[in-house]
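Chain by chain, the residues:
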Amino acid sequence: MSISFDELGLGQSVLNAVSDSGYTEPTEIQAQAIPLVLTGQDMIGVAQTGTGKTASFTLPMIEKLSTGRARARMPRSLILEPTRELAAQVADNFDVYGKYSKLTKALLIGGVAFAEQEAKLTRGVDVLIATPGRLLDHLERGKILLADIKTFVIDEADRMLDMGFIPDVERIFKLLPKTRQTLMFSATMPAEIRRLSKTYLKDPLQVEVAPPATTSKNITQALVTIRGSHKEKRAALRDLIRGENVSNALIFCNRKRDVTIVANSLSRHGFDVASLHGDMAQSLRMETLGRFKNGDFKLMVASDVAARGLDIVNMSHVINYDVPSHAEDYVHRIGRTGRAGNTGHAFTLSTSEDRKYLAAIENLIGEKISRVNLDGTKADPEPANAEKNVAQKSHRSSSNSGKAQATANPRRADTARGRAKPDDSEQQSKETKAPRSRQRNDRPTEPARRQDKPTVDHPRKSDEGRNRRNAEKDTENVVGLGDHVPNFLRR
Ligand code: AMP
């Protein structure tokens, strides 16, 4: 049974924009959520990114905003995103789906000058897309009033929790008018998010398209065991990329230092590569991401800053240069591929030191990841033998100084499919150790910086970067990216 976009209650302008996007039919979350959002009902959407959830709230919001006008400093709708990149992505969605609707929007994210954002707010905007910290900064400066908000969306609520943003979100809730529609999207529903929904949503209907820990059937996973250290891993990585049919790949390292080392190494070996990590200036992060999305380079080496929520069309591969030490980061990382119905491939390079992390990952995803050799053959699943077996292959191929001899191919190796916990939002893992431990203790505390400030109402001055910066201590340079500024940044 498939339903068409025409049947969802959307007007012609929105339908035309949808049709221009090439979408033929709504995704499951869209089919369920759009009619519901149009009725004004509060809603909890349990869905991961890649399911089309952004359009499931942006399309009906555009429809609803088509009547009425925004007043100066009084936006009519508000979308909260945990990270700058996700906020920018949602703003892009408004441009695409709202192209036939005369709506105004403002993107309030950290790392961008206040003046331009304030000028927009003063003119009046229909949609405000913001990260919590920057929104609170503007509110504190008296530049916005939330009294006219009719629809409030909290996207990636579980990620907000991970990042320690729940106190900020609650503060924002308290500034909203009582009569409003609230939509909360979350990949998972931990207790704290349930509490939030009980406190602030009114008789919400729950729409669930991917229950926690369901299989991401489109991703083929494989694990390559490496004996040795970074030199051998870098050689194996090159062999892997050369042997695979990579159209574009995200390569994840656990440490920022290694992001730069691996990117530089790949570059030296002639690969088309850039890097992305949390200590880069926001403008450079956005530019790098934009260029990667545009296909300006094939490979991007990243820290977990890129692990969540990023929507990069047709990403063929995700490679974990390091096994993530938080099992859930594995799921978020590999969720960058195999999106929107496409197939994807996820490889993980592991060493003997990673055994305990691997066990946690396999426990979380509920299955064993296929062990493969760099030549694509199935490796001995018994860890000690597999290691020896693969190490020999790895050594051989690296000693051939990068000749394309490895053809690691999980498809040929009868790879198990990954069971992916519903994804995503975005961002770091080690990079936000503090919020994670807060979550575990179930006792959120104010971020350290705020404790310096006696005014309790003062928000964090810049949002997601702070904890990450504290955690990532490295100081290396980043790969230069040239002058190109992608369109999505020219707003
Ligand atoms: P999201 O889950 O919102 O991050 O969306 C994931 C991807 O699915 C994005 O690239 C969207 O452009 C795409 N998408 C959203 N809705 C549809 C649809 N109805 N048909 C095909 N692709 C879609």
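Up top is the structure.
Residues numbered from 1 in each chain as written. Predicted model: local features only at pLDDT ≥ 70, side-chain atom pairs only at ≥ 80, totals over all residues. Heavy atoms only, no water.

## Some points on the packing of aromatic side chains
Filter applied, for reference: Aromatic pairing here means that ring centres of Phe, Tyr or Trp (its six-membered ring) are within 6.5 Å. Orientation follows from the plane angle: under 30 degrees is stacked, over 60 is edge-to-face, and everything else is tilted. Note on criteria: charge over ring means Lys NZ or Arg CZ within 6 Å of the ring centre, with the direction from the centre no more than 35 degrees off the ring normal.
Per the counting criterion, the structure on display carries 5 aromatic pairs. Taking 5.9 Å as the distance between ring centres and 15° as the angle between the ring planes, the aromatic pair formed by Phe-292 and Phe-297 counts as stacked. Among the aromatic residues, ring-to-ring pairing joins Phe-152, Phe-173 and Tyr-200 into one connected group. Residue placement shows Arg-134 over the ring face of Phe-114; its charged tip is 3.8 Å from the ring centre. Above the plane of the ring of Phe-114 lies Arg-141, whose end atom (NZ or CZ) is 3.7 Å from the centre.

## Section: helix H4 (residues 84-97)
Threshold: Numbered from the N terminus, helices here are DSSP runs of H or I no shorter than four residues, and strands are runs of E no shorter than two. What a helix is expected to span follows from its residue count: subtract one and scale by 1.5 Å. Here the term buried applies to any residue with accessible area under 20% of the maximum for its type, exposed to any over 50%, and partly exposed to those in between, with areas from a 1.4 Å probe on protein chains only. The contact definition used throughout considers only heavy atoms, calling two residues in contact when any of these lie within 4.5 Å.
Its 14 residues give H4 an end-to-end C-alpha distance of 20 Å, which sits within 8% of 20 Å, the value for a rise of 1.5 Å per residue. Counting buried residues in H4 gives 12 out of 14 residues, a clear majority hidden from the surface. Turning to H4, the residues buried within the fold contact helix H1 (12-20), helix H3 (53-65), strand S2 (77-80), strand S3 (105-108), strand S4 (127-130) and helix H12 (282-294).

## Focus on the sheet that holds S2
This is how the line gets drawn: When DSSP finds two or more bridges between a pair of strands, those strands are recorded as paired. Throughout, an axis means a line fitted to C-alpha atoms (over the contacting stretch in the case of helices), and angles, computed between N-to-C directions, take values from 0 to 180 degrees.
Taken together, 7 strands build an open sheet; the order of strands is S3-S4-S2-S5-S6-S1-S7 and the sheet is parallel. Strand pairing shows two members of the sheet lacking a second neighbour, S3 and strand S7 (205-208), which therefore form its edges. Here the strands of the sheet are splayed against their neighbours by 15° on average, with no regard to which way each runs. In terms of strand pairing, S2 meets strand S5 (residues 151-154) through 4 bridges, oriented parallel. Looking at S5, one finds that Ile-79 is bridged to Val-153. The strands that helix H5 (residues 114-123) touches are S3 and S4; relative to S3, the one it contacts most, it runs at about 150°.

## Examining H3
For H3, which comprises 13 residues, the first-to-last C-alpha distance of 19 Å matches the rise-based estimate of 18 Å (1.5 Å per residue) to within 8%. Looking at H3, one finds that the buried residues are Lys-53, Thr-54, Ala-55, Ser-56, Phe-57, Thr-58, Leu-59, Pro-60, Met-61, Ile-62 and Leu-65.

## Description of the packing of helix H10 (residues 230-243) against helix H11 (residues 256-268)
As a reminder of what qualifies: Under this scheme an angle from 65 to 115 degrees is roughly perpendicular, one under 35 degrees roughly parallel, and one over 145 degrees roughly antiparallel; angles in between are oblique. Crossing chirality is assigned from the near helix's rotation relative to the far helix, an anticlockwise turn below a right angle marking it left-handed and a clockwise turn marking it right-handed. Ten residues, namely Ala, Val, Leu, Ile, Met, Phe, Trp, Tyr, Cys and Pro, are considered nonpolar, four, namely Asp, Glu, Lys and Arg, are considered charged, and the remaining ones, Gly among them, are considered polar.
For the pair H10 and H11, interaxial distance at closest approach is 11 Å and the crossing angle is 55°. In terms of their interaxial angle, H10 and H11 are classed as oblique. The interaxial crossing formed by H10 with H11 has right-handed handedness. Contacts between H10 and H11 pair His-230, Arg-234, Leu-237, Arg-238 and Ile-241 from the former with Asp-258, Ile-261, Val-262, Ser-265 and Leu-266 from the latter. Tallied by class, residues from the contact of H10 with H11 come to 5 nonpolar, 2 polar and 3 charged.

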